[in-house]
Amino acid sequence: MLNAIEVDEVSKTFRIHHERHSSLKERLLRPGGGSHSDFEALRAVSFNVGPAETVGILGRNGSGKSTILKTICGVLQPSSGEVRLRGTLAALLELGAGFQPELSGRDNIYLSGSMLGLSKRTIRGLFDEIVEFSELGDFIDTPVKFYSSGMYVRLGFAVAVNVDPDILVVDEVLAVGDEKFQAKCMARISRLQNDGRSILLVSHSAAQVQTLCSRAVVLDHGSVIADGAVGTSIDAFRSVLHADTREVDSAGPRARVEAVTTESGRFDVVMGGAWRGIARVHSEFAGDVRVVAAIRSPRNELLSATPISQGLVSLRPGVQDLSLQIARLPFLPGTYTLSISLRDADSGDSVAHVEQAAIIEITGESSSDGVFELDFDAKIL
Amino acid sequence: MSEVTPSSRRPIEDRPVRVVSARLGFLQQIRSIWRSRELLNYMVVSDVKVKYKESALGIVWSMVAPALTLVIYYLVFGALLKNGIPHFVIFLFSGLIVWNFVTNVVIPSTSVVVDRQAIVKKVAFPREILALSTVGAGLVYFVMQLVVFAIFMAIFRTAPQWSLLWLVPVALLGLVIIIGSIGLLLSALNVFLRDIKHLVEVFMQLWFYLTPIVYSYSRQVEPSLVHHGLSWLYFLNPVAPAVLTFQRIFYVHEYVQATTPGHAVLQVIPHWSTMHYLEMNLAVIGVGLVIFAVTMKIFGRLQGNFAQEL
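Residues numbered from 1 in each chain as written. Chains lettered and ligands numbered in written order. Predicted model: local features only at pLDDT ≥ 70, side-chain atom pairs only at ≥ 80, totals over all residues. Heavy atoms only, no water.

(A) Quick peek at the packing of helix 7 (residues 167-192) of chain B against helix 12 (residues 274-303) of chain B. Residue and element names in this part refer to chain B. Between helix 7 and helix 12, the shortest axis-to-axis distance is 8 Å and the interhelical angle comes to 25°. What the angle tells us is that helix 7 and helix 12 run roughly parallel. Helix-helix and strand crossings are classified by hand; for helix 7 and helix 12 the assignment is left-handed. Residue classes in the contact of helix 7 with helix 12 are distributed as 23 nonpolar, six polar and no charged. (Axes fitted to C-alpha atoms, helices over the stretch in contact; angles between N-to-C directions. Helix = DSSP H or I, 4+ residues; strand = E, 2+ residues; numbered from the N terminus. Parallel < 35°, antiparallel > 145°, perpendicular 65-115°, else oblique. Left-handed = near helix turned anticlockwise from the far one by under 90°. Nonpolar A, V, L, I, M, F, W, Y, C, P; charged D, E, K, R; others polar.)

(B) Summary view of the pairing of strand 6 (residues 167-171) of chain A. Residue and element names in this part refer to chain A. Of all five residues making up strand 6, five are buried, and the element is well covered by its neighbours. Alternating residues of strand 6 divide into I167, V169 and D171 and L168 and V170, and every residue in both groups is buried. As judged from the five bridges shared by strand 6 and strand 7 (residues 198-202), these two strands associate in the parallel manner. Directly across from V169, in strand 7, lies its bridge partner L200. (Buried < 20%, exposed > 50% of the residue type's maximum accessible area, 1.4 Å probe, protein only. Pairing = 2+ DSSP bridges.)

(C) Representation of the nonpolar core. Of all hydrophobic cores here, the largest spans 72 residues; its most connected members are I109 and L155 of chain A together with M43 and F125 of chain B. When residues of this core are assigned to their parent elements, the largest contribution, seven residues, is made by helix 5 (residues 149-162) of chain A. Sequence-distant contacts of F125 of chain B, defined by excluding residues within four places in its chain, comprise M115 of chain A together with L39, M43, I119 and L130 of chain B. Of all hydrophobic cores here, the second largest spans 68 residues; its members include M63, L175, W207 and A242 of chain B. (Core = buried A, V, L, I, M, F, W, Y, C linked by side-chain atoms within 4.5 Å. Contact = heavy atoms within 4.5 Å.)

(D) Quick peek at a nonpolar patch on the surface. Side chains of V71, I72, Y74, L75, V76, L80 and L81 of chain B sit close together on the surface and give an oily, nonpolar patch of about 660 Å² of accessible area. Its location among the elements puts Y74 of chain B in helix 3 (residues 61-80). (Patch = residues over 30% accessible without salt bridge, like charges linked within 9 Å, V, L, I, M, F, W, Y side chains within 5 Å. Areas by Shrake-Rupley, 256 points an atom, 1.4 Å probe, with all protein chains shown as cover. Salt bridge = Lys/Arg side-chain N within 4 Å of Asp/Glu carboxyl O.)

(E) View of helix 3 (residues 105-115) of chain A. Counting buried residues along helix 3 of chain A, nine of its eleven residues qualify, which places the element largely inside the surrounding structure. Taken together, the buried positions of helix 3 of chain A are occupied by G105, N108, I109, Y110, L111, S112, G113, S114 and M115 of chain A. Buried residues along helix 3 of chain A sit in contact with helix 4 (120-134) and helix 5 of chain A together with helix 2 (37-51) and helix 5 (117-122) of chain B. Positioned one or two residues after helix 3 of chain A, G117 of chain A has a phi angle of 95°, which is positive.

(F) Quick peek at the packing of helix 5 of chain A against helix 6 (residues 179-194) of chain A. Residue and element names in this part refer to chain A. Where helix 5 meets helix 6, the axes come as close as 11 Å, and the angle between the chain directions of the two elements is 10°. The pairing of helix 5 with helix 6 is recorded here as roughly parallel in orientation. On helix 6, the residues that touch R154, F157, V161 and N162 of helix 5 are F181, C185, R188 and L192. By residue class, the composition of the contact of helix 5 with helix 6 is five nonpolar, one polar and two charged.

(G) Highlighting the interface of chain A and chain B. Tallying the contact residues gives 60 residues for chain A and 48 residues for chain B. Together chain A and chain B conceal approximately 4700 Å² of surface at their shared face, both sides included; 54% is due to carbon and sulfur atoms. For the chain A face of the interface with chain B, the top three residues by lost area are V75, Q77 and M115 of chain A, together amounting to 14%. Linking chain A with chain B are one salt bridge. A salt bridge links K49 of chain B to D107 of chain A, with the nearest nitrogen and oxygen atoms 2.8 Å apart. (Buried area = accessible area lost by both parts, 1.4 Å probe.)

(H) Just the sheet that holds strand 7 of chain A, in detail. All names here are of chain A. Taken in spatial order, the six strands make up an open sheet running 5-6-7-3-8-9, and their pairing is mixed. Each of the sheet's edge strands pairs with one partner strand only, and the pair in question is strand 5 (89-92) and strand 9 (223-229). This sheet shows a mean twist of 15° between the axes of neighbouring strands, independent of strand direction. Relative to strand 6, helix 2 (residues 65-73) is tilted by about 150°, and along the sheet it contacts strand 3 (54-59), strand 5, strand 6, strand 7 and strand 8 (215-220). The strands touched by helix 6 within the sheet are strand 3, strand 6 and strand 7, with strand 7 carrying the most contacts at an inclination of about 140°.

(I) A look at the packing of aromatic side chains. All names here are of chain B. Tallied over the entire structure, the rule returns 30 aromatic pairs over all chains. An angle of 75° between the planes, with centres 5.4 Å apart, marks the rings of Y217 and F235 as edge-to-face. A residue pair is termed long-range when its members are at least 10 positions apart, and Y217 in helix 9 (residues 217-226) and F235 in the loop between helix 10 (231-234) and helix 11 (239-251) qualify at 18 residues. Residue classification places Y217 among the buried residues on the basis of a relative accessible area of 2%. Note on F246 and F250: the rings are 5.7 Å apart at their centroids and 40° apart in plane angle, and the pair reads as tilted. (Phe/Tyr/Trp six-rings, centres within 6.5 Å; stacked < 30°, edge-to-face > 60°.)

See the structure below:
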């Protein structure tokens, strides 16, 4: 069977310049080229996306998912290997990236439409639909530099989804605009799915991938570590996240926090419910530490970090289990990450830190907008 | 919202296959540029629009600015330094119109990839289009200046040699190929070596004086070079043939009555046959095509790293 996207043994090596030698003086003074090291962002990555298939790409920050996306779109060229695409491709890498701020929305529709490979006639045919979708109305003849960021993004999305591509590549852009517009975007994406379009979706949110995709590819350190049914891939993604224990630079004795587990083995919580976890700690010393927890949103924004005055525990040398408890998780449904730090109770120095110690899926229904559900009521007295 | 027509969905077997790989052949590059010709068109239009957007006179500046430059050069070289070329305004304009095209392409294209890095990092399209759009914009300004030139010729009651007007597109073609290639090459190199931009700005001044715009090739250059058989050296400058051709077409007079006593007749532009002018410009086109092919090869190698270098 023919595939819409074939990624064939794609590798990409970035040269990291430790001192940037982009001026002539530096090149002349140090003809050796200065110090640099090579970073393998992608290592022989291969996967396919079939026609009418929606595939998600999951991976931590720095796993290579943006690089593979840019390579598929042709923004980056692979160092070796190749990507074969069948049909037209539209990419939502950054909405409105091709806009020229001085020009009107109308001019920009034509400019960015032709950047996506459309003919003038096709764009003219789609024009009204794009304007209607973007909800810009009369602002379409205003220079886009006067647009609010919401208007800018709406126009960008409207152009990209209305170009009717064979292949649509989406990079974490679905969380734009207000809730109504988001719903409209999601509706448009499912319509594209039903129309037999191939969609490649990159997301931090395991939940979003679960809803939209039938298959998912998990990248880690530039390699494909899982490629299969979405449920299996999300499990693989979780296990990678949990393995990500990062030690901190501390002159004194250190500790190490291992994987966070839960009694039930599940990481989903109903909105507003309590969460309990167990963190295994390897300590090199005996002493008092403060346990600091921070929770981040699906967009990686810090939502809350506990104060250092809380969570006092006494560590003993060797292995011990630490019980973690969050009495109430008021956040809206989505995928949240929890990071754990241990700080010396006296000096405040960090002795251990785990980014993404646990990935917590908050489930439930909410029609609220924002980050968490507000206990709100109004009545006439 | 209108429904998507089922006919727009081609079966996957019929869709064209596009390959993203480390190496693209010359023909593939040309094909991808050709497919993006409408984008090129929009980029040229938006370049021109944006450049004059906020100014009251708008695009008229593309005519006023070169006319003012012309006045300055006329005052300095014609009136103050008295270079003794009769109808100096027309002589000057013939060369300046060519030179303005060169600077309007070379200087903006050198920095165009760096300036437009926001789209280079996010949107895939043939990167050559960026440099080529400055060539297109340069041609737009060239046409605007041609209008001003026509007005000047009417004011000074001179006429071009109508029978040689067909040489204008020939000379222009050579210029577009060779200057476009230089712009393309510089746009890619400047991504990796930002000094190029500053070097180019300085070099343009030298280049200006290496081109027979404010002086006459026949009077001031040829006599000293021809004895040593070094005339060819002067023509390493790819702009010189176009300038000489334009002078032949628009200035017309090979010999003029001298205004300085002692010389009855002055030779201002070379006494060459039409065939010589044609051959000279065809040579520029030929050399230009070779440079273009080499440039495309280098550009193809370098562009894969644009997004990560910016």
